[in-house]
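A structural walkthrough
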Amino acid sequence: GGVPATGKIDKIEFLDKKKTQAVLVDYKSGKPRSIRRGKREWRQLVFYDLLVRNSAGISWSAVGGVLEFLTPGLSGKFERKKLEIPEEDRQQVISELQEVNKKIQALQFPFIPNPENDSEIEYWQNFGR
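So, a few notes on the structure that sits alongside this text. (Residues numbered from 1 in each chain as written. Predicted model: local features only at pLDDT ≥ 70, side-chain atom pairs only at ≥ 80, totals over all residues. Heavy atoms only, no water.)

1. Here we look at the overall build of the protein
In terms of helices and strands, the protein carries 3 helices and 4 strands. Principal axes of the C-alpha set define a box for the protein whose edges measure 50 × 40 × 25 Å. Across the 129 residues in the protein, those meeting the buried criterion constitute 26%. For the protein, contacts bridging at least 24 residues in sequence account for 60% of all contacts bridging at least 6. (Helix = DSSP H or I, 4+ residues; strand = E, 2+ residues; numbered from the N terminus. Buried < 20%, exposed > 50% of the residue type's maximum accessible area, 1.4 Å probe, protein only. Contact = heavy atoms within 4.5 Å.)

Set out below in structure tokens:
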């Protein structure tokens, strides 16, 4: 949609010998957690899917994303959380990217209230200070 974007995918796992389909893997430190729609990890996997779909010269398709946790879960085993990415999720992230891009181009950087002291909001509120 005209929004310039770049990113680096941690790992691409091809599902067939002809390398026509792949799963996009993102490594995560910390204990395993679920992928919840609208949250950071979900958005990151959808973004990677969009990168693949909109990059020139890629002859394969992404069929989903995986979070691979580097800290064992309660069972003592390393866990992978899979995400299938429907078109509606892609459209939501595209819309968000376009909205943010418009605000950046207009130099609009709103202050976000943080009554619960969310560490991620705190980081971005103080970014560059």
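From this point, the narrative continues.
2. A word on the sheet that holds strand 3 (residues 61–69)
Strand order in this open sheet of 4 strands is 1-2-3-4, and the pairing throughout is mixed. The outermost strands of the open sheet, each flanked by one partner alone, are strand 1 (11–14) and strand 4 (80–83). Going across the sheet, the axis of each strand differs from the next one's by a mean of 30 degrees, ignoring polarity. Strand direction decides the pairing type here: strand 1 and strand 2 (residues 21–28), joined by 4 bridges, are antiparallel. For Lys11, the partnering residue across the bridge sits in strand 2 and is Val25. Of the strands in this sheet, strand 2, strand 3 and strand 4 are in contact with helix 1 (residues 40–53), which crosses strand 2 at around 140 degrees. (Pairing = 2+ DSSP bridges. Axes fitted to C-alpha atoms, helices over the stretch in contact; angles between N-to-C directions.)

3. A short note on the environment of Gly7
Tracing the chain through its elements places Gly7 in the segment before strand 1. In the structure, Gly7 is positioned 37 residues away from Gln44 in sequence and 9.7 Å away in space, judged by C-alpha atoms. Dropping the residues within four chain positions of it, Gly7 is found in contact with Phe47 and Leu51.

4. Description of the pattern of salt bridges
Evaluated as defined, the whole model comprises 14 salt bridges. Note that Glu99 and Lys103 form a salt bridge whose closest N and O atoms lie 4.0 Å from each other. One end of the pair is Glu99 and the other is Lys103, both in helix 2 (residues 87–105) and 4 residues apart, which spans about a single turn. Linked by salt bridges that have partners in common, Lys11, Glu13, Glu68 and Arg80 make up one network. (Salt bridge = Lys/Arg side-chain N within 4 Å of Asp/Glu carboxyl O.)

5. Looking at the nonpolar core
In terms of nonpolar packing, the biggest core is built from 10 residues, these being Ile35, Trp42, Leu45, Val46, Leu50, Leu67, Phe69, Leu83, Ile85 and Val93. Only helix 1 and strand 3 provide two or more residues apiece to this core. If you tally residues by element for this core, the top one is helix 1, at 4 residues. Setting aside residues no more than four positions away along its own chain, Leu83 makes contact with Ile35, Trp42, Leu45, Gly64 and Gly65. Core analysis: the second largest hydrophobic core is formed by 8 residues, Leu24, Phe47, Leu51 and Ala62 among them. (Core = buried A, V, L, I, M, F, W, Y, C linked by side-chain atoms within 4.5 Å.)

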